[in-house]
Amino acid sequence: VSTQSTGNSVDKEIAKYHGPSPTLSCKLNGISAPDATALIEDRCFGMCGPACKMCWEWVCGDCCIHTGCKRHDGFCRGAMGKFHKDCVSFRGVLWDTITDTPYDC
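### Thoughts on the state of the cysteines
Counting across every chain of the model gives 3 disulfides. Covalent S-S linkage joins Cys44 and Cys52, the inter-sulfur distance amounting to 2.1 Å. The sign of the S-S torsion, about 110°, decides the handedness of the disulfide formed by Cys44 and Cys52: right-handed. For Cys44, a relative accessible area of 1% puts it in the buried group. Judged by relative accessible area, Cys52 falls into the buried class, the value being 2%. What pairs with Cys55 in a disulfide is Cys63, and their sulfur atoms sit 2.0 Å apart.

In structure tokens, the structure reads:
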């Protein structure tokens, strides 16, 4: 797995959870991406943390793709970007009216 993503560094922990032979398992409802390079090209959409620069394992317990994180990334990558109210309030991860789950990792 390349550790470069459009000129930005990639957290080395990501490779441990993704690719054809991950060495670490996902927790909760996390999903491992079979193609780590494609995940990095998509700026780690659905993972906790800022793009691929830093995996925030403390949020969901791993560096995997999570349903709530995917929703949150969708809000943050929309027209208003990080200034969208649902991005700033961590909707999708800390709270979400779609699933009625207070912490959806």
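### Examining the pattern of salt bridges
Using the criterion set out here, one finds 2 salt bridges in the structure. As a salt-bridge pair, Glu13 and Lys16 come within 2.7 Å of each other at their nearest N and O atoms. Under the relative-accessibility criterion, Lys16 is labelled partly exposed at 34%. A salt bridge links Arg77 to Asp42; the nearest nitrogen and oxygen atoms lie 3.8 Å apart. Placement of Arg77 in the loop between helix H4 (67–76) and helix H5 (85–88) and of Asp42 in the loop between helix H2 (36–41) and helix H3 (57–60) is noted, with a sequence separation of 35 residues between them.

### Thoughts on the nonpolar core
Ile14, Leu39, Cys44, Met47 and Cys52 are the most contacted members of the largest nonpolar core, which has 13 residues in total. Of all the secondary-structure elements, those providing two or more residues to this core are helix H1 (14–17) and H2. If near-sequence neighbours (up to four positions away) are discounted, Cys44 is found in contact with Ile14, Leu39, Ala51, Cys52, Asp73 and Arg77.

### Examining H4
It helps to recall that an α-helix has 3.6 residues per turn; residues three or four apart then point in one direction. In terms of burial, H4 is a largely internal element, 7 of the 10 residues being buried. Gly68, Cys69, Arg71, His72, Asp73, Phe75 and Cys76 are the residues of H4 that are buried.

### Observations concerning the confidence of the model for the chain
In the predicted model, the chain carries a mean pLDDT of 81, and the fraction of residues at 70 or more is 77%. Model confidence for the chain, summarised as mean pLDDT per element, is weakest for strand E1 (residues 4–5) at 42 and strongest for H1 at 94.

### Let's talk about the side chain of Asp62
Positionally, Asp62 belongs in the loop between H3 and H4. Although Asp62 lies buried, it forms no salt bridge, and the closest oppositely charged side chain, Lys27, sits 6.6 Å away as judged by the N-O distance. From its side chain, Asp62 meets the backbone nitrogen of Lys27 in a polar contact 2.6 Å long. At 3.0 Å, the side chain of Asp62 and the backbone nitrogen of Cys64 are in polar contact. Ignoring sequence-local partners within four residues, the contact set of Asp62 consists of Tyr17, Cys26, Lys27, Cys55, Trp56 and Glu57.

### Remarks on unusual backbone geometry
At Leu28, a position not held by glycine, the phi torsion is positive, near 50°. Note that Leu28 resides in the loop between H1 and H2. On the basis of relative accessibility, which here comes to 65%, the residue Leu28 falls in the exposed class.

Basis of the calculations
- Residues numbered from 1 in each chain as written.
- Predicted model: local features only at pLDDT ≥ 70, side-chain atom pairs only at ≥ 80, totals over all residues.
- Heavy atoms only, no water.
- Disulfide = S-S within 2.5 Å.
- Buried < 20%, exposed > 50% of the residue type's maximum accessible area, 1.4 Å probe, protein only.
- Salt bridge = Lys/Arg side-chain N within 4 Å of Asp/Glu carboxyl O.
- Helix = DSSP H or I, 4+ residues; strand = E, 2+ residues; numbered from the N terminus.
- Core = buried A, V, L, I, M, F, W, Y, C linked by side-chain atoms within 4.5 Å.
- Contact = heavy atoms within 4.5 Å.
- pLDDT = per-residue confidence, 0-100.
- Lys, Arg positive; Asp, Glu negative; His and termini not counted.
- Polar contact = N/O pair within 3.5 Å; in protein donor to acceptor, adjacent residues only side chain to side chain.

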